[in-house]
Amino acid sequence: MSTFSFVAGTKFMINEDKYVVRKETNGAIELENLNYNKIEVWGKNELLEKWSNDELVFRNEDWSNNEKIFDDFSMLDFESKNEANRRYEILKPVLDGEILPSEIKYYLSSLEPKVGKSAFYEWKSRWDKYGSIRALVKYKAGPKGYNTKEEVVKIIEKIVEDFQYDGPKYTDEYLFSEFILRIDELNEQRDEDKKIKKISRSTFYRRKREIEDQLRKEEIRLGKVETDLRRNGSRKEVVVTRPLQRVEIDWTPVDVFLFNPATLTSQKPWLVYAIDKLSGHPLGFYVTFDDVDAAAVKQCILHAIMPKTYIKTLYPLVENEWVAYGKPVEVVFDNSKVNESFDVKDACQQLGIDIQFCKVGAGYQKGTIERGFRTLNTKWIHTLEGTTFSNIFERGLYDSEGKACITMQTFIYMAHIVMTDIVANTYDKGRGGKPRDLWNRGMADYPILTLPIPQSKKELKLIFMSGIAYRRAKNKGVVIENEYYNSKDLMELRNNLINEAKDESKMEDVRVRFDKADMRSVYVYDKFKKRYIEAKNTGFERKKINAELPVHYSQLQLDSSIKTREQKKDDVTNLARTMRKVKGLAEQDKKKYRKQKRQKQQEQKTGIQKSSSYEGISSMGITELQLESPSDADTIIVHVEEQQNVKKSKKASNKGRKSDETKEKNPIIVDMSYDIDLDSLPDYGVRFKK
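Analysis parameters
Residues numbered from 1 in each chain as written. Predicted model: local features only at pLDDT ≥ 70, side-chain atom pairs only at ≥ 80, totals over all residues. Heavy atoms only, no water. Helix = DSSP H or I, 4+ residues; strand = E, 2+ residues; numbered from the N terminus. Buried < 20%, exposed > 50% of the residue type's maximum accessible area, 1.4 Å probe, protein only. Pairing = 2+ DSSP bridges. Expected span 1.5 Å × (residues − 1). Contact = heavy atoms within 4.5 Å. Polar contact = N/O pair within 3.5 Å; in protein donor to acceptor, adjacent residues only side chain to side chain. Salt bridge = Lys/Arg side-chain N within 4 Å of Asp/Glu carboxyl O. Patch = residues over 30% accessible without salt bridge, like charges linked within 9 Å, V, L, I, M, F, W, Y side chains within 5 Å. Areas by Shrake-Rupley, 256 points an atom, 1.4 Å probe, with all protein chains shown as cover. Lys, Arg positive; Asp, Glu negative; His and termini not counted. Charge placed at Lys NZ, Arg CZ, Asp CG, Glu CD. Phe/Tyr/Trp six-rings, centres within 6.5 Å; stacked < 30°, edge-to-face > 60°. Core = buried A, V, L, I, M, F, W, Y, C linked by side-chain atoms within 4.5 Å.

Caption draft 1: Structural detail: unusual backbone geometry. Despite not being glycine, Asn 482 has its phi angle at roughly 65°, a positive value. Positionally, Asn 482 belongs in the loop between strand S16 (478–480) and strand S17 (483–486). One non-glycine residue, Lys 502, lies in positive phi territory at about 65°. By secondary structure assignment, the location of Lys 502 is in the loop between helix H19 (488–501) and strand S18 (510–515).

Caption draft 2: Representation of the pairing of strand S2 (residues 11–14). Here S2 shows no split at all, with Lys 11 and Met 13 on one side and Phe 12 and Ile 14 on the other all buried. Across 4 bridges, the pairing between S2 and strand S3 (residues 17–25) is antiparallel. Bridge pairing in S3 links Ile 14 to Asp 17. As judged from the 4 bridges shared by S2 and strand S6 (residues 56–59), these two strands associate in the antiparallel manner.

Caption draft 3: How the structure looks around helix H6 (residues 172–187). Between its terminal C-alpha atoms H6 stretches 23 Å, which fits the 22 Å expected from 16 residues at 1.5 Å a residue. Every buried residue of H6 is accounted for by Leu 175, Phe 176, Glu 178, Phe 179, Ile 180, Arg 182, Ile 183 and Asn 187. At its buried positions, H6 is contacted by helix H5 (150–163) and helix H7 (201–211).

Caption draft 4: The arrangement of the side chain of Ser 521 in detail. Inspection of the secondary structure assignment puts Ser 521 in strand S19 (residues 518–526). Among the residues examined, Ser 521 registers a relative accessible area of 13% and is labelled buried. Polar side-chain contacts of Ser 521 include one of 3.0 Å to the side chain of Glu 534. Beyond its immediate chain neighbours, meaning those up to four positions away, Ser 521 contacts Tyr 485, Glu 534, Ala 535 and Lys 536.

Caption draft 5: The arrangement of the pattern of salt bridges in detail. Scanning the model with the defined rule gives 24 salt bridges in all. We note a salt bridge from Glu 178 to Arg 182, for which the minimum N-O separation is 2.8 Å. Taken together, the residues span about one helical turn, with Glu 178 and Arg 182 both in helix H6 at a distance of 4 residues. Glu 178 sits in the buried class, given a relative accessible area of 16%. Residues Glu 192 and Lys 195 are paired through a salt bridge, measuring 3.3 Å at the closest nitrogen-oxygen approach. Classification of Lys 195 as partly exposed rests on a relative accessible area of 36%. Each of Lys 158, Asp 162, Glu 178 and Arg 182 takes part in salt bridges that share partners, so that together they form one network.

Caption draft 6: Up close: a nonpolar patch on the surface. A surface patch of nonpolar side chains, about 270 Å² in accessible area, is lined by Leu 575, Met 579 and Val 582. Within the fold, Leu 575 resides in helix H21 (residues 573–606). Taking relative accessible area as the criterion, Leu 575 reaches 59% and is therefore assigned exposed.

Caption draft 7: Examining a positive patch on the surface more closely. A surface patch of positive charge is lined by Lys 590, Arg 594, Lys 595 and Arg 598. Within the secondary structure layout, Lys 590 lies in helix H21. We classify Lys 590 as partly exposed; its relative accessible area is 38%.

Caption draft 8: Inspection of the packing of aromatic side chains at higher detail. Counted according to the given criterion, the structure contains 16 aromatic pairs. Between Phe 120 and Tyr 121, the aromatic rings sit 5.4 Å apart at their centres with planes inclined by 85°, giving edge-to-face as the arrangement. Given a relative accessible area of 0%, Phe 120 falls into the buried group. By relative accessible area, Tyr 121 is classed as partly exposed at 36%. For the pair Phe 163 and Tyr 174, a centre-to-centre distance of 5.7 Å together with 75° between the ring planes defines the contact as edge-to-face. Separated by 11 residues along the polypeptide, Phe 163 in helix H5 and Tyr 174 in helix H6 bring together distant segments of the chain.

Caption draft 9: Region of the structure containing the nonpolar core. Within the largest apolar cluster, 75 residues are counted, with the highest numbers of intra-cluster contacts made by Phe 12, Tyr 273 and Phe 464. In terms of nonpolar packing, the next biggest core, distinct from the first, is built from 23 residues, Val 478, Tyr 485, Leu 493 and Val 551 among them.

Caption draft 10: The environment of Tyr 130, seen in detail. Among the structural elements, Tyr 130 can be located in helix H4 (residues 117–130). Separated by 70 residues in the primary sequence, Tyr 130 and Asn 60 have C-alpha atoms spaced 7.9 Å apart.

Caption draft 11: How the structure looks around the pairing of S19. Burial runs high along S19: 8 of the 9 residues are buried. Bridge count between S18 and S19: 3 bridges; the pairing is antiparallel. Its bridge partner lying in S19, Arg 513 is registered against Tyr 523. Where S18 folds back on S19, the antiparallel hairpin that results is connected by 2 residues. The pairing of S19 with strand S20 (residues 531–537) spans 6 bridges and is classified as antiparallel. In the sheet register, Val 522 faces S20, and the bridge partner there is Ala 535. In this structure, the hairpin formed by S19 and S20 is closed by a connection of 4 residues, where Lys 530 is found at a positive phi of approximately 55°.

So, in structure tokens, the structure goes:
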């Protein structure tokens, strides 16, 4: 990946305006605005702020932007990455100046297998233009998978096992001859239609290289000590002459208990820390409650490279600026499995960062970071509430876990204060100056290092951001920790996936990348356009999360865990109890329906017709009579049954029955064609709502 500096001739764009750097004078950058043909003067911090806000994007000499040219390197198949690494190893001696231009022809002739001159200069041209290992990937990848039969592959594996790990060195020609011989021997005892088909010599060589274990070969022939020496090199004395030449990274459990709001318990965090070897200035850090993995290491490297322009906005108690940042030339780790993971290697390779591993137990080879942890402990961590001190003898009867009261967010705030105002601004007797002064002095001696950062912030984050997930693209977007992210481009991708699958339920998941230090947006891989598209949060305002400042991943975890706990507190029997009531009511109606059905069938047999009136419950909660519809749509016939009073005399009772008979013969007609005064109607036990 190309890196850029604000030196004369550098090209970049701010929004739609094109700029070229003319010169730098006393920290001010003089620019030429090509859109308006005028000269402008900007402060470097202003330009850095624009870069951090994704408003400034550097351009190549031809004003091209390589952000969308290459696929995600980590998603490439093993063969493509391996070939790109091979090409880079061939280019590296020339790029580092070890091979002079006049020596290139002889250098290429000494390589095995041979590399053509035209191919070499094509690779170099691509590297000079883009500065990224992704540019060395083949333009057209071959067919995915192999057509080689499994039986043939097993024969090659057996030959490699028999001849490659036993000391003597056999030529590829001999091994191919042995391969053909074994196939001929097997085919002699087979029918014609079952004979094994032979493969070409080049296919055999290619499959053999993929199968054999180079480290195992070297270890058997040279021994483990010599193999490690050749792989890691000898570094008895480490001498650096400029900032970022060597950056040491390590991690340790912090000697303090913090209050974890996600689990509501006290817990010791891990601190991943990066320090510049020359100046001793902190470059970056990452704090997590989870075990340290490749994702945490990448997050620390990302913080080390990024300019710390957010300091005054997020952490106003910090008095000084955090001046150290940029792309390291070399990163030094110990021999942890985390550091040797392909994820970390791939990320560093894409940015052109060399990786060196210290020997097991050789802490002196990264003494700067070891002393850095000791400084943080003595000057800060051991003074906090909930500290565990360095050992149980120092701690004594102090209740570290019970005293814990500091949250992760506060601890990160403290870390910025300590690293910026104390570590970077305390005189270092061994180095002969303050880390901040030593850094600034080193940058003044090497102006090209004033801004060694990638073309754009998005490009950098896509390489080092640690969050990776696979999610189903729904109509509301993709969800990460109970938060939906959506955009117009994401919906377009979703529609394309549905059309491809022909069925929404069979739609494949999408790859989502996100920065755990800033969850305001995520990036979704569009396989059709072969680039990442941005999707922004949709629910921060509803959750009352301030989206003007970066939102840490732990904040979303906290919100999600609170909702999960509230859901667990909910009475899970409520649904079952409610449904029992609903089913009970349905059962009652079912019985009434069956009874009415039997009555109707009986009436049809006897020829007796009954009124079709049916008593129900209105939406207002009062008993009403379902009205029988007459033939005239403008009138309604109302049937009214009078309640009989058992206390009335027999004469009154008979009179009442006669009245009912009269009403049955002469029903009341209500003409709905005209306006009716509701108060003038007779009262039949029903109240009308006015």
